[in-house]
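# Understanding the architecture of this molecule
Now for the letters of each chain:
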Amino acid sequence: MKKVEAIIRPEKLDPVKLSLEEAGFYGMTVNDVRGRGRQRGIILQWRVGEYRIDLLSKLKIEVVVDDDDVDKVIDAICEAAVTGKKGDGKIFVMPVDEAVRIRTREIGKKAV
Amino acid sequence: MKKVEAIIRPEKLDPVKLSLEEAGFYGMTVNDVRGRGRQRGIILQWRVGEYRIDLLSKLKIEVVVDDDDVDKVIDAICEAAVTGKKGDGKIFVMPVDEAVRIRTREIGKKAV
Amino acid sequence: MKKVEAIIRPEKLDPVKLSLEEAGFYGMTVNDVRGRGRQRGIILQWRVGEYRIDLLSKLKIEVVVDDDDVDKVIDAICEAAVTGKKGDGKIFVMPVDEAVRIRTREIGKKAV
Amino acid sequence: MVIGLSMLLALASVHADEAVKINTGNTAWVLASAALVILMTPALGLFYGGMVRKKNVVSTITMSMVVLALISVQWVLIGYPLAFGKDIGGLIGSFSNIGFGLTDVGLRMIPHRISATADIPELAFIAFQGGFAIITPALIIAAFVERIKFSSFIVFILIWATIVYDPIAHWMWGGGWLQSFGAIDFAGGTVVHISSGVSALAIALVIGKRKGFGSTFMEPNNVPMTIVGAVLLWFGWFGFNAGSALAANGIAANAFVTTNTATAAAALTWMFISWYHRKPSGLGIASGAVAGLVAITPAAGFVTPLASIIIGVGAGFVCYYAILFREKKGIDESLDAWAVHGMGGTWGALATGIFASVGATGLLLGNVHQFEAQILAVSTSWTYAFVVTFILAKIIDRTMGLRVPEEDEDVGLDLAQHGEKAYS
Amino acid sequence: MVIGLSMLLALASVHADEAVKINTGNTAWVLASAALVILMTPALGLFYGGMVRKKNVVSTITMSMVVLALISVQWVLIGYPLAFGKDIGGLIGSFSNIGFGLTDVGLRMIPHRISATADIPELAFIAFQGGFAIITPALIIAAFVERIKFSSFIVFILIWATIVYDPIAHWMWGGGWLQSFGAIDFAGGTVVHISSGVSALAIALVIGKRKGFGSTFMEPNNVPMTIVGAVLLWFGWFGFNAGSALAANGIAANAFVTTNTATAAAALTWMFISWYHRKPSGLGIASGAVAGLVAITPAAGFVTPLASIIIGVGAGFVCYYAILFREKKGIDESLDAWAVHGMGGTWGALATGIFASVGATGLLLGNVHQFEAQILAVSTSWTYAFVVTFILAKIIDRTMGLRVPEEDEDVGLDLAQHGEKAYS
Amino acid sequence: MVIGLSMLLALASVHADEAVKINTGNTAWVLASAALVILMTPALGLFYGGMVRKKNVVSTITMSMVVLALISVQWVLIGYPLAFGKDIGGLIGSFSNIGFGLTDVGLRMIPHRISATADIPELAFIAFQGGFAIITPALIIAAFVERIKFSSFIVFILIWATIVYDPIAHWMWGGGWLQSFGAIDFAGGTVVHISSGVSALAIALVIGKRKGFGSTFMEPNNVPMTIVGAVLLWFGWFGFNAGSALAANGIAANAFVTTNTATAAAALTWMFISWYHRKPSGLGIASGAVAGLVAITPAAGFVTPLASIIIGVGAGFVCYYAILFREKKGIDESLDAWAVHGMGGTWGALATGIFASVGATGLLLGNVHQFEAQILAVSTSWTYAFVVTFILAKIIDRTMGLRVPEEDEDVGLDLAQHGEKAYS
Ligand SMILES: Nc1ncnc2c1ncn2[C@@H]1O[C@H](COP(=O)(O)OP(=O)(O)O)[C@@H](O)[C@H]1O
Ligand SMILES: Nc1ncnc2c1ncn2[C@@H]1O[C@H](COP(=O)(O)OP(=O)(O)O)[C@@H](O)[C@H]1O
Ligand SMILES: Nc1ncnc2c1ncn2[C@@H]1O[C@H](COP(=O)(O)OP(=O)(O)O)[C@@H](O)[C@H]1O
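A brief report on the enclosed structure follows. (Residues numbered from 1 in each chain as written. Chains lettered and ligands numbered in written order. Predicted model: local features only at pLDDT ≥ 70, side-chain atom pairs only at ≥ 80, totals over all residues. Heavy atoms only, no water.)

## Things to note about the interface of chain F and chain E
The parts lose accessible area when they come together, and the size of an interface is often stated as this lost area. Listed by partner, the interface residues are 58 residues for chain F and 53 residues for chain E. Taken together, the two surfaces of chain F and chain E that pack against each other cover about 4400 Å², and 79% of this comes from carbon and sulfur. On the chain F side of the interface with chain E, the three residues burying the most area are F:Leu9, F:Leu31 and F:Ser424, jointly 15% of the side's total. Taken together, the connections running from chain F to chain E amount to one salt bridge. The closest approach of N and O atoms between E:Glu219 and F:Lys421, which form a salt bridge, is 3.6 Å. Our count for the chain F to chain E interface comes out at eleven residue pairs in polar contact (both at pLDDT 80 or more). (Contact = heavy atoms within 4.5 Å. Buried area = accessible area lost by both parts, 1.4 Å probe. Salt bridge = Lys/Arg side-chain N within 4 Å of Asp/Glu carboxyl O. Polar contact = N/O pair within 3.5 Å; in protein donor to acceptor, adjacent residues only side chain to side chain.)

## Focus: the arrangement of the chains
Between chain C and chain D there is no contact, and the shortest C-alpha to C-alpha separation is 12 Å. Looking at chain B next to chain F, you find no contact at all, with the nearest C-alpha pair sitting 12 Å apart.

## Some remarks on helix α15 (residues 368-399) of chain E
All names here are of chain E. Compared with an ideal rise of 1.5 Å per residue, which puts 32 residues at 46 Å, α15 spans 47 Å between its outermost C-alpha atoms and is within 8% of the ideal. Its side-chain oxygen 3.2 Å from the backbone nitrogen of histidine 369, asparagine 367 forms the N-cap of α15. Count one or two residues on from α15 and you reach glycine 401, which has phi positive near 85 degrees. (Helix = DSSP H or I, 4+ residues; strand = E, 2+ residues; numbered from the N terminus. Expected span 1.5 Å × (residues − 1).)

## Some remarks on the packing of aromatic side chains
The relation between two aromatic rings is expressed through the spacing of the ring centres and the mutual angle of the planes. Per the stated rule, a full pass over the model turns up 78 aromatic pairs over all chains. Each ring, one from A:Tyr51 and one from F:Phe217, has its centre 3.7 Å from the other, and the planes form 10 degrees; the classification is stacked. Here A:Tyr51, found in strand β4 (residues 50-53), pairs with F:Phe217, found in the loop between α9 (189-207) and α10 (223-242), and the two come from separate chains. Taking the relative accessible area as the measure of exposure, A:Tyr51 reaches 7% and is therefore buried. On the accessibility criterion, F:Phe217 (29% relative accessible area) is partly exposed. Judged by centre distance (5.0 Å) and plane angle (85 degrees), the ring pair of D:Phe84 and D:Phe125 falls under edge-to-face. Residue D:Phe84 is located in helix α4 (residues 57-84), and its partner D:Phe125 is located in helix α5 (residues 122-139); the two are separated by 41 residues in the primary sequence. Of the two residues, D:Phe84 and D:Phe125, neither departs from the other in class, the shared state being buried. Members of the aromatic cluster, each reached through a chain of ring pairs, are D:Phe144, D:Phe150, D:Phe153, D:Phe156, F:Phe272 and F:Trp275. Positioned over the ring face of A:Trp46 is A:Arg47, at 5.7 Å from the centre of the ring. Over the aromatic face of B:Tyr26 sits the side chain of C:Arg40, whose NZ or CZ is 3.8 Å from the ring centroid. (Phe/Tyr/Trp six-rings, centres within 6.5 Å; stacked < 30°, edge-to-face > 60°. Buried < 20%, exposed > 50% of the residue type's maximum accessible area, 1.4 Å probe, protein only. Lys NZ or Arg CZ within 6 Å of the ring centre and 35° of its normal.)

## Side note on the relation of the copies chain F and chain E
Rotating chain F by 120 degrees and moving it 0.0 Å along the rotation axis overlays it on chain E with an RMSD of 0.0 Å. In short, the pair behaves as if placed about a three-fold rotation axis. It is F:Gly25 whose C-alpha, among those of chain F, lies nearest the rotation axis, at 2.1 Å. (Least-squares fit on C-alpha atoms with pLDDT ≥ 70 in both.)

## Concerning the interface of chain D and chain F
Listed by partner, the interface residues are 59 residues for chain D and 53 residues for chain F. Contact between chain D and chain F buries roughly 4400 Å² in total, counting both sides, with carbon and sulfur atoms accounting for 79%. Together, D:Leu9, D:Leu31 and D:Ser424 form the three largest contributors to the area buried by chain D at its contact with chain F, with a combined 14%. Remark: the boundary between chain D and chain F carries one salt bridge.

## Let's talk about the pattern of salt bridges
In the structure shown here, the tally under the stated rule is 87 salt bridges over all chains. In this structure, C:Asp14 and C:Lys17 form a salt bridge, with 3.8 Å as the shortest nitrogen-oxygen distance. On the criterion of helical spacing, the pair formed by C:Asp14 and C:Lys17 is a turn pair, its members being three residues apart in helix α1 (residues 13-22). For C:Asp14, a relative accessible area of 36% puts it in the partly exposed group. According to the relative accessible area criterion, C:Lys17 is buried, its value standing at 10%. A salt bridge links C:Lys72 to C:Asp69; the nearest nitrogen and oxygen atoms lie 3.3 Å apart. Classification of C:Lys72 by relative accessible area gives partly exposed; the value is 46%. Through salt bridges with shared partners, a single ionic network connects A:Lys3, A:Glu5, A:Lys60, A:Glu62, B:Lys3, B:Glu5, B:Lys60, B:Glu62, C:Lys3, C:Glu5, C:Lys60 and C:Glu62.

## Notes on the side chain of E:Asp336
Relative to the helices and strands, E:Asp336 resides in the loop between α13 (305-328) and α14 (337-355). By relative accessible area, E:Asp336 is classed as buried at 0%.

## Focus on the relation of the copies chain D and chain F
In this structure, two copies of a chain are linked by a rotation about an axis accompanied by a shift along it. Expressed as a screw transformation, the operator carrying chain D onto chain F has a rotation angle of 120 degrees and an axial translation of 0.0 Å, and the superposed copies differ by an RMSD of 0.0 Å. When the interface residues of chain D are mapped onto chain F, a mere 5% of them again fall at the interface, so the copies present different faces.

## What about the site of ligand 3?
Lining the immediate surroundings of ligand 3 are 20 residues, of which B:Thr29, B:Arg101, B:Arg103, C:Arg38 and C:Lys90 lie closest. Each of chains B and C places residues near ligand 3. Take C:Arg36: an N or O atom from its main chain is 3.2 Å from an oxygen atom of ligand 3. Within the side chain of C:Lys90, an N or O atom sits 2.9 Å from an oxygen atom of ligand 3. Across the complex, the protein chains shield 97% of the 550 Å² of accessible surface that ligand 3 would expose by itself. With three residues, strand β5 (residues 56-65) of chain B is the largest single contributor of residues to the shell around ligand 3. (Near = heavy atom within 4 Å. Areas by Shrake-Rupley, 256 points an atom, 1.4 Å probe, with all protein chains shown as cover.)

## A look at the environment of E:Val294
Residues and elements named next belong to chain E. Along the chain, valine 294 turns up in helix α12 (residues 282-296). Valine 294 gets classed as buried once you look at its relative accessible area, which sits at 0%. The sequence separation of valine 294 and valine 192 amounts to 102 residues, and the corresponding C-alpha distance is 9.2 Å. Apart from residues no more than four positions distant in its own chain, valine 294 is found in contact with His193, Trp237, Val340, His341, Gly344 and Gly345.

## Focus on the site of ligand 1
Close to ligand 1 lie 20 residues; A:Arg38, A:Lys90, C:Thr29, C:Arg101 and C:Arg103 are nearest. Mapping the residues adjacent to ligand 1 onto the chains of the assembly identifies chains A and C. Measuring from an oxygen atom of ligand 1, one finds a side-chain N or O atom of C:Arg101 at 2.8 Å. One of the side-chain N or O atoms of C:Arg103 is found 2.5 Å from an oxygen atom in ligand 1. Expressed as a share of its isolated accessible area of 560 Å², the protein-covered part of ligand 1 is 98%. Looking at the shell around ligand 1, the elements with two or more residues in it are β2 (28-36) of chain A together with β2 (28-36) and β5 (56-65) of chain C. Tallying contributions element by element places β5(C) first for the shell around ligand 1, with three residues. A per-class count over the shell around ligand 1 returns four nonpolar, seven polar and nine charged. (Nonpolar A, V, L, I, M, F, W, Y, C, P; charged D, E, K, R; others polar.)

Structural measurements only, silent on function.
Structure follows, in structure tokens:
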């Protein structure tokens, strides 16, 4: 099993949710994070003048899926999250040794 | 070493903490997340009528432990976090290559 | 590729950012978490008397880098985040199977 | 030139006999009420600000501040003369005797044509009525939050205040034709609530729905903020309604009690309706309170406490189901100024014609004419506000564009238009 | 029938001589004070709302709003006559001359039996006293936050206001037996604070502790919200205390100054105690302020500024250690209405009997009877409030159940009872 | 001893003729204004609290509460006599006829030397002016947020109020030498805003920059909180300025209107400047409003509404660029009391000398002396406030230390000094 961890723009949550749903993936965990990378920050207003912040609001979406489904998930996320401008985000795929459903103690595939 | 990542109901934090402590695991990192899965959302009130949200408040608990302790941790969490209703959450176990204690630069087992 | 996941004191964010930048690592994702460990909580004031909380504010910093860079990242973080007192935090290194840049679909090294 | 300027900036006249005629108790109450009424506009900003998505909180609150700032200046320059200057043909007020920027007002007493007793300074009345002129356009913010272009918003508000609010205020309160016909409006059911609520509907139709409206629910970001807004509205409304007596007397006290009672009754009604359907919502109780405040506004000084309970209960029902109706029609008048202020104001204006028994008589006491006058006032203000606002919104939309680019709407107006985040 | 209804909804009588007798300055002050006092109940909601856990914020604030709505209606229908109607045997007021829903009040002046000068409209007094009748039951919310069943809460509040508050208010202020005996209570130390604080203790004993009380600490979720609540309470309290002079005169000004000074002294005292023990807590300073406001309430118009400092310092000590005592006893009277209002009110009521020197004399000026009267008032109101509330709470608990199911308590009342989240 | 104590705590004298002379309308307005002014200090706490980093929110708000508490007590004990007691050599007031703790004041009317009409109770004036004495030191909090040691803060505030504020208030309002010279200051441009703003600069220079200032930007943590603070300041300022007429009359109404208009004009000006540079910032609009409030303060009762627009626009420009200037100089006067209050107050005090036309005449009406008097008042208060504050701050720094340890600054003052977190 793999955990697909995607960092996306916050305003892309709804399209990504939809796109994943259409690809057959409903379960997910979402987290508010801040990130920096190529986008190199944005400029904000203060009461006078302006300032730059380099850590921008992003969302991290985690979807745990079967190894075979990883590419489908990546595709679904990329399609929905892309704007073409710097800051669209990254996807990281990581190994998961085991999954357990707390409610039933089912493990592996059946748990997610 | 493994990272045991459990997504639980927020109101189960106290019992899970206690249960882990009793099983001998004190260190942990906790994070507010939102998730969806079989539970399929809940209905909230608006000023009139109601609406459904599908991303529910959950807590993510991360405990990094020795490979041998993984099962004990899973048991401790499951026992304390289960209600039997959809939405109780999942546990994912993931490999950790290395652990470092920032304060002392100890690594491996000694670091956690 | 590896994900270096560091849990640090919140007030150490600026030094750690700087230190990583100087070591050549700009991209990162940051997250507000709460944690407990050897530090065993702190005492807060209530309107009368005091109380102890065991989950303290921490920051989790995630940096995905090439396998070769892991040590440099660890060094950079440790140097900047250490105070020598309990609660300085941990670093966990975890395997990443794949990385994708959403904007361009570049994968692997080029993506991060 | 300097002389000319200094003349303009100097007081026209200090009435030597001021001390003789002024009633300091009434003046104290009107000044306190003016402060309360002015507080209501930022309070409205909080009420609205808690109900939008987190990315539009600063934008929503800031819009209320901008209306406050804009109309405060517009009012002393031209708004007050247009609304309360000497009547021209029943339609509009004139600058004679007031002057641009209040240059002729000085410290004189309010004229008899506005207040029979004329025992408070005209400037106190100007301050008090300024609060009304400010909050009315601010109410319309409900219609276009989360998507309006800031510059177009400013232009809209300035013109709207001048060509919709000022005339309607004149018709009803400044000696205009509705007042002559006998229509009554104690504190602004028609002038304030119908005019703004109906205009909100009109501009909502022009600007169109928020992206995602209907498919995703736009979750309120901060329920306590909305409740605090409602609470400060409730507090300020005592000035709004009881201050409208322009005196600290029995009428003011009656308006105070009816305002509080109707508001309470409406909040409870809304709570029970929402409970009946599912759960008693805190947001609903706050909304019900506002509905009650709106509905009692035209009636406050004219009805008894017992009648105010009926008006409040009615307001709960009318506004609750008006929102449901609006939703069913798929119209994104986002924060329901039409349903709460337009419909609540309509119910209140008609109810005044039914229940009036203090200083006026309504249908229940056999005065059919009063009810007819109320219907006339309601229908005229509906029509005028809707038509003029619709045209104005269309013109601005065609010329400047009413709406931000889609990307800005996605990112949120806080970042896109103000370069700010509500919370770090 | 229609005639009957219309009669009921029409004004009974407009006193022709109103204009002659009214003092507009006093009326303005009482109206402004009424607005301030009504603001205090939602302010209390914020004060409490910041101290509960995040999952119960909407619930806590909403309860304050519901008390405001419920008692606003109860007061005009039956509460005011019971408290301030013509006395029946020293025990309760009657409906004669007021009527259900204030139908007989009209625009008349306040009767001489309530105010010697009788120069403000009775409705202004009704509005002002309504604020007291509202906040008193709201104070009890402290006892049962985070676990009470919403429907039972509504029933409890309605009955409590009617059988506990209204009678005690009558005894002390409405011409009842305590007043006849000579007990004095400037703005409600006994009537408001003892009655609610002691009742909070009683119902806390019945409803029982929150799940986890004693083992986990219930962390306050929003310290700034609590401070804002305290600030608005402080602000509103100027109306509460200085308004209780029912006139804008020297007594009112004295009450204003003593209120502010005692509050400040108590806030500082609390700060130094908490600093002495460990650190000067912001929550503590806010709590100290409220303790000072409570303690000076019965004394405000009767003591000098210097005496008010002593009262404030005493309040800081009494209430601080009363909370510690309550905690040691393991009682979950969660937000300390008993410690702050019950004990602070008791200290204030007795201190009034000691330090009174303005318009009354206390122990220090040799008037032993005053001190005895105060002890009588304190002990009677303690007993009556405790016993009646305990029985009432028990009855509701046995019939409807006072408490939510454990699962709802876990999830939080916001979601479980109101279907709402405070923040998105 | 007991007799002595009881004498001290008893009223010195109740003027039998009070009822004859009191103007209840004026008293009502001054009492209402006093409540409004006292609200401003916690409002300032919110205004400031939203602009610091999240780890210092409780600290910042709490400091405003502590100033409120400290000076409330200082004022009745010694501050009021020093500022408004019978003049000693033009420099300071005396305790004669007032007494420590106001023991000689009783319920008497305000003396003629302070108010010509003398028709309100002196205690009402004491309460009202107390609000000024409180907010002035609170303004200085801007200079040292996020790094001051709490105990040193308390000592600084207490001494500053006594040796800076009380004398300057006496010079200008209490019968001191500036007043004799003819300088005018309607509601505190010099006394309140210059004195605090310039002192903020002085102590900022002594305490030094926040760690990281210049390299990292100190992001405001809560923009809505700052806006709410600004709104409550705006609201309270009606009491501040219009209440300074000490009467509910035409002057008060004029001050009310000019206050609102100048504030609005300044908010718009700031908005357009920030828009011109980049984007119309919500924080900027709030800051502009405060700048306008400051600048109109000394002028409010002396100028016309039209002149108030000029003053407001000027305030927007002056304060906006003063902040930029301060930043360029690398001075960490963190929340800009100097730029907004010091410079805004200076502009207002001079503008009063230019535009005065109501009850006084300025430069534009040919009165050169008035302008000279204003320059004198401005330069004296600048010098006195700067020098005394600088020395005081140095002394405290050398003895107690002004600043927390670096580690505490890192962790934040909420945790380090108060043991609290703003939000759970
Ligand atoms: N090396 C990295 N490790 C962890 N997260 C990263 C890394 N690089 C970027 N990110 C995350 O991805 C987000 C988008 O990255 P960025 O480089 O700005 O955009 P893009 O990938 O489109 O060029 C960042 O805000 C950050 O949260
Ligand atoms: N495939 C998944 N990947 C990541 N997180 C998931 C996944 N499925 C569920 N979750 C997380 O687990 C939580 C509980 O899952 P859910 O399916 O609702 O309950 P249950 O496991 O009891 O059937 C979800 O709210 C979500 O946060
Ligand atoms: N076993 C663990 N699993 C996950 N996170 C941990 C673990 N132990 C500690 N942490 C995280 O590291 C933080 C610092 O750990 P702590 O033991 O207090 O300090 P130190 O490592 O300096 O002794 C904790 O607050 C927690 O967030």
